[in-house]
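# Understanding the architecture of this molecule
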Amino acid sequence: MSANKYLYLTTTGHKTGNPHEIEIWYVEHQGCYYLVSEKREASHWVRNIRANPTISFRLGNTVRQGKASFPDDARLLAAVKAKMDKKYGWSNGLAVELNPEAE
């Protein structure tokens, strides 16, 4: 398990086109990173991803580029929620997958 408690996600504003960074809980699973939006579709960062799935994120001093998506595989979602529950004691919301580009 990663020592980092937070991931720093940068999305492109769906209205302004400006970069927006948030600090958010995450888990890593099978080479991807997963976030959970408590406000689901109402979260601005989720709206930003819907409009433009190209993202960047920072863990510690490492910055990665990639694409975000909204997985719907029940087994994957169960595994991600179990990891979120174990790490943070919470997993209720919309799961978002960050798939980093190969370096």
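Data block above holds the structure.
Criteria and thresholds
- Residues numbered from 1 in each chain as written.
- Predicted model: local features only at pLDDT ≥ 70, side-chain atom pairs only at ≥ 80, totals over all residues.
- Heavy atoms only, no water.
- Helix = DSSP H or I, 4+ residues; strand = E, 2+ residues; numbered from the N terminus.
- Expected span 1.5 Å × (residues − 1).
- Contact = heavy atoms within 4.5 Å.
- Polar contact = N/O pair within 3.5 Å; in protein donor to acceptor, adjacent residues only side chain to side chain.
- Phe/Tyr/Trp six-rings, centres within 6.5 Å; stacked < 30°, edge-to-face > 60°.
- Buried < 20%, exposed > 50% of the residue type's maximum accessible area, 1.4 Å probe, protein only.
- Lys NZ or Arg CZ within 6 Å of the ring centre and 35° of its normal.
- Pairing = 2+ DSSP bridges.
- Axes fitted to C-alpha atoms, helices over the stretch in contact; angles between N-to-C directions.

Moving on, we get to helix H2 (residues 74-88). When the terminal C-alpha atoms of H2 are compared, their 21 Å separation across 15 residues agrees well with the 21 Å that a helix rising 1.5 Å per residue should span. As for H2, its buried residues are in contact with strand E2 (19-25), strand E3 (27-29), strand E4 (32-37) and strand E7 (94-100). In this structure Asp73 caps H2, since a side-chain oxygen of it lies 3.2 Å from the backbone nitrogen of Arg75. Of the residues flanking the end of H2, it is Gly89, one or two places downstream, whose phi is positive at about 75°.

For the rest of this paragraph, the subject is the packing of aromatic side chains. Summed over the entire model, instances satisfying the criterion amount to 4 aromatic pairs. Ring geometry for Trp25 and Trp90: centres 6.2 Å apart, planes at 65°, overall edge-to-face. Taken as a pair, Trp25 in strand E2 and Trp90 in the loop between H2 and E7 lie far apart in primary sequence, 65 residues in all. Owing to a relative accessible area of 28%, Trp25 belongs among the partly exposed residues under this scheme. With 6.2 Å between their ring centres and 50° between their planes, Tyr26 and Tyr33 make a pair best called tilted. Take Tyr26 and Tyr33: they sit in the same class, and that class is buried. Taken together, the ring pairs connect Trp25, Tyr88 and Trp90 into an aromatic cluster. Positioned above the aromatic ring of Phe70, the side-chain terminus of Arg50 is 3.7 Å from the ring centre. Between the NZ or CZ atom of Lys87 and the centre of the ring of Tyr26, over which it lies, the distance is 3.8 Å.

Here we come to the side chain of Ser56. Take Ser56: it is sitting in strand E5 (residues 54-59). Under the relative-accessibility criterion, Ser56 is labelled buried at 14%.

We now examine the sheet that holds strand E1 (residues 6-12). The strand order across the open sheet built from 7 strands is E2-E1-E5-E6-E7-E4-E3, with neighbouring strands paired in antiparallel fashion. Each edge of the sheet is formed by a strand with only one pairing partner; in this case those strands are E2 and E3. Across the sheet, the axes of successive neighbouring strands diverge by a mean angle of 35°, strand direction being ignored. Sheet analysis places E5 next to strand E6 (residues 62-69), joined by 6 bridges and oriented antiparallel. The residue of E6 that forms the bridge with Leu59 is Thr62. Set on the sheet, helix H1 (residues 44-51) makes contact with E1, E2, E4, E5, E6 and E7; between it and E1 the angle comes to about 50°. H2 contacts E2, E3, E4 and E7 of the sheet and is inclined by roughly 145° relative to E3.

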